[in-house]
Amino acid sequence: MKNIILLAIVLFVTGFVGAQSWKDSLRLGKKYYQEGNYKQAYQSLLEAQKLAPSEIDLSQDIGNAAYRSQDYEMAEKAFRAAASNGEDEISQAKHWHNVGNSQMQKKDYKAAVDSYKNALRKNPADDKARYNLAEAQRRVKQQEQKEQDQKDQNQGQKDSQDQSENDDQNNSQNDDQSNQDQNQNNQSQDPQNQNSESGGSEGDASQETEGKLTDRKTDRMLEDLLKKEMETKRKVRGIESGKNQQQVKSGKRW
């Protein structure tokens, strides 16, 4: 009997201490939050949630403190938990709106669009959720356009690099072909140059021989002309001599 009474006292004291502990952590967490010390508030509220009974849900307070301390990942998780535990659609809409806000801070715009839609399904009159939905959709389009522009730029750089490599390869092939053509031209031109030089020599010799033959022929022709001229002169002299003799004999000069 004494043991049973002692056990009951221990359980009562333990339960009282535990209840007092989570409430103290909760009060401390709210105090830190009001003071703007959001990280301390977040830690104290987490501690309170661990010590609190299972029916106590502090996810909304934890989400607010995490969001203020810029821990958006934990804030999203806390607000999701609050949305699933919401008692009515208005409170659920509020929590889904906060989930969307956390996702916007993480630049997860597509997920934020879905969260804002969930908020509007729960509360179609939520104008803030409607405005944030439109903003999230606009950010999604911007993000997709940016990704497409980056993709096009990368593709353009790749195409330009491939074209440059092809040009370098073509230039290298053209240089090789040009060198081969030049070598072939040089090889083909050498015999022609030799033949040309040889032909030139033969031409000079032929002209020289022909010149010599022409000179000899001219000399002979001049000799023949001189001979004929001398013969003509002798004939003329002979005629004149005969005339003179006849004139002397006759005594007349006609």
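Residues numbered from 1 in each chain as written. Predicted model: local features only at pLDDT ≥ 70, side-chain atom pairs only at ≥ 80, totals over all residues. Heavy atoms only, no water.

1. A short note on the packing of aromatic side chains
Counted by the stated rule, this structure contains 2 aromatic pairs. With 5.2 Å between their ring centres and 70° between their planes, Y33 and Y38 make a pair best called edge-to-face. Y33 gets classed as partly exposed once you look at its relative accessible area, which sits at 27%. Ring centres 5.3 Å apart and planes at 75° place the aromatic pair Y67 and Y72 in the edge-to-face group. Look at Y67 and you get partly exposed, because its relative accessible area is 24%. A relative accessible area of 18% places Y72 in the buried class. (Phe/Tyr/Trp six-rings, centres within 6.5 Å; stacked < 30°, edge-to-face > 60°. Buried < 20%, exposed > 50% of the residue type's maximum accessible area, 1.4 Å probe, protein only.)

2. Quick word on the confidence of the model for the chain
Summary statistics for the chain give a mean pLDDT of 78 and a share of 67% for residues scoring 70 or more. Per-residue pLDDT stays below 50 along residues 1–18; that stretch engages in 0 contacts with residues further than four places along the chain or on separate chains. (pLDDT = per-residue confidence, 0-100. Contact = heavy atoms within 4.5 Å.)

3. What to know about the packing of helix α2 (residues 38–51) against helix α3 (residues 59–68)
Here α2 crosses α3 at 155°, and the two axes come no closer than 8 Å. The angle between α2 and α3 places the two elements in the roughly antiparallel class. Handedness of the α2/α3 crossing: left-handed. Across from Y38, A41, Y42, L45, L46 and Q49 in α2, the residues of α3 making contact are S59, D61, I62, A65, A66 and R68. Class assignment of the residues belonging to the contact of α2 with α3 gives a composition of 8 nonpolar, 2 polar and 2 charged. (Axes fitted to C-alpha atoms, helices over the stretch in contact; angles between N-to-C directions. Helix = DSSP H or I, 4+ residues; strand = E, 2+ residues; numbered from the N terminus. Parallel < 35°, antiparallel > 145°, perpendicular 65-115°, else oblique. Left-handed = near helix turned anticlockwise from the far one by under 90°. Nonpolar A, V, L, I, M, F, W, Y, C, P; charged D, E, K, R; others polar.)

4. Observations regarding unusual backbone geometry
Even without glycine at this site, Q70 takes up a positive phi of about 70°. Mapped onto the secondary structure, Q70 falls in the loop between α3 and α4 (72–84). One non-glycine residue, K107, lies in the positive phi region at around 65°.

5. Focus: the pattern of salt bridges
Counting across every chain of the model gives 8 salt bridges. In this structure, the salt-bridge partner of D24 is R27, at a minimum N-O distance of 2.2 Å. Taken together, the residues D24 and R27, both in helix α1 (residues 2–35) and 3 residues apart, mark about one turn of the helix. Judged by its relative accessible area of 33%, D24 is partly exposed. On the basis of relative accessible area, R27 is assigned to the partly exposed category, the value being 49%. Here E76 makes a salt bridge to R80, at a shortest N to O gap of 3.3 Å. Of this pair, E76 and R80 both sit in helix α4, 4 residues apart, roughly one helical turn. One connected set of salt bridges, linked through shared partners, spans E73, E76, R80 and K106. (Salt bridge = Lys/Arg side-chain N within 4 Å of Asp/Glu carboxyl O.)

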